[in-house]
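The residues making up each chain are set out below.
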Amino acid sequence: MADQDATVVSQAIVDKTPISPSRPNPARKNSLEHHLAHRPDRQELINRNILPASTAAPAIQAQQKELEKHMRADSLNEKIAHRPAPETVLEKHIIHEDPRSPEDKYVEAIEDEYAKREGGA
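Residues numbered from 1 in each chain as written. Predicted model: local features only at pLDDT ≥ 70, side-chain atom pairs only at ≥ 80, totals over all residues. Heavy atoms only, no water.

A.B. asks: Let's hear about the pattern of salt bridges: which residues, and what values?
C.D. replies: For the coordinates displayed, the defined rule picks out two salt bridges. Taking the shortest distance from any N to any O, the salt bridge between arginine 48 and glutamate 44 comes out at 3.4 Å. Taking the shortest distance from any N to any O, the salt bridge between glutamate 113 and arginine 117 comes out at 3.4 Å. Here glutamate 113 pairs with arginine 117, and both are found in helix 7 (residues 102-120), just four residues apart, close to one helical turn. Classification of glutamate 113 as partly exposed rests on a relative accessible area of 35%. Here arginine 117 falls in the exposed class, since its relative accessible area comes to 54%. (Salt bridge = Lys/Arg side-chain N within 4 Å of Asp/Glu carboxyl O. Helix = DSSP H or I, 4+ residues; strand = E, 2+ residues; numbered from the N terminus. Buried < 20%, exposed > 50% of the residue type's maximum accessible area, 1.4 Å probe, protein only.)

A.B. asks: I'd like a description of unusual backbone geometry, backed by residues and values.
C.D. replies: Within the chain, asparagine 49 stands out as a residue other than glycine whose phi angle is a positive 60°. For asparagine 49, a relative accessible area of 69% corresponds to the exposed category.

A.B. asks: Give me the side chain of serine 54: which residues, what numbers.
C.D. replies: Structurally, the position occupied by serine 54 is in the loop between helix 4 (42-47) and helix 5 (58-81). Overall, serine 54 belongs to the buried group, its relative accessible area being 15%. A polar contact of 2.9 Å, which involves the side chain of serine 54, links it to the backbone nitrogen of alanine 56. (Polar contact = N/O pair within 3.5 Å; in protein donor to acceptor, adjacent residues only side chain to side chain.)

A.B. asks: A description of the UniProt feature "repeat: RPEL" (unreviewed entry) in the protein should follow, citing residues and the corresponding values.
C.D. replies: Cross-referencing UniProt, the feature "repeat: RPEL" (unreviewed entry) maps to residues 30-55 and 74-99 in the present numbering. Within residues 74-99, the helical portion is 54% and the strand portion 0%, while the C-alpha atoms at the span's ends are 24 Å from each other. (UniProt positions renumbered as here; feature names shortened; annotations may be inferred.)

Written as structure tokens, this is what we have:
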């Protein structure tokens with residue numbers, strides 16, 4: 001009797017209907033092909049900052065980006081080191097107001113006063 005029950009269970013009808021039935025839509029079936037046919041080329045992706053402009057291997061692109069970041073920081077630091085003092089820019093009439101904060105002006109005035117007293121005394 002156990003053999004008959006196993007045979008009956010194995011011959012039972014299995015429901016094979018999909019959980020989410022899809023209707024045969026030719027536009028949907030071909031959507032991947034459509035998107036692949038109309039995808040942007042590499043240069044357009046680079047212009048839109050989706051792909052990096054580098055031709056380096058992907059394994060070293062992160063290091064290349066880090067190096068570029070440090071080079072940019074070094075360049076800015078070099079330019080800041082060579083910029084003129086606020087007094088020079090005021091004397092040349094490039095700007096009309098002192099860009100320093102009142103606190104900075106006060107500290108500089110105190111330092112100048114101390115320098116005068118030490119040098120003059």
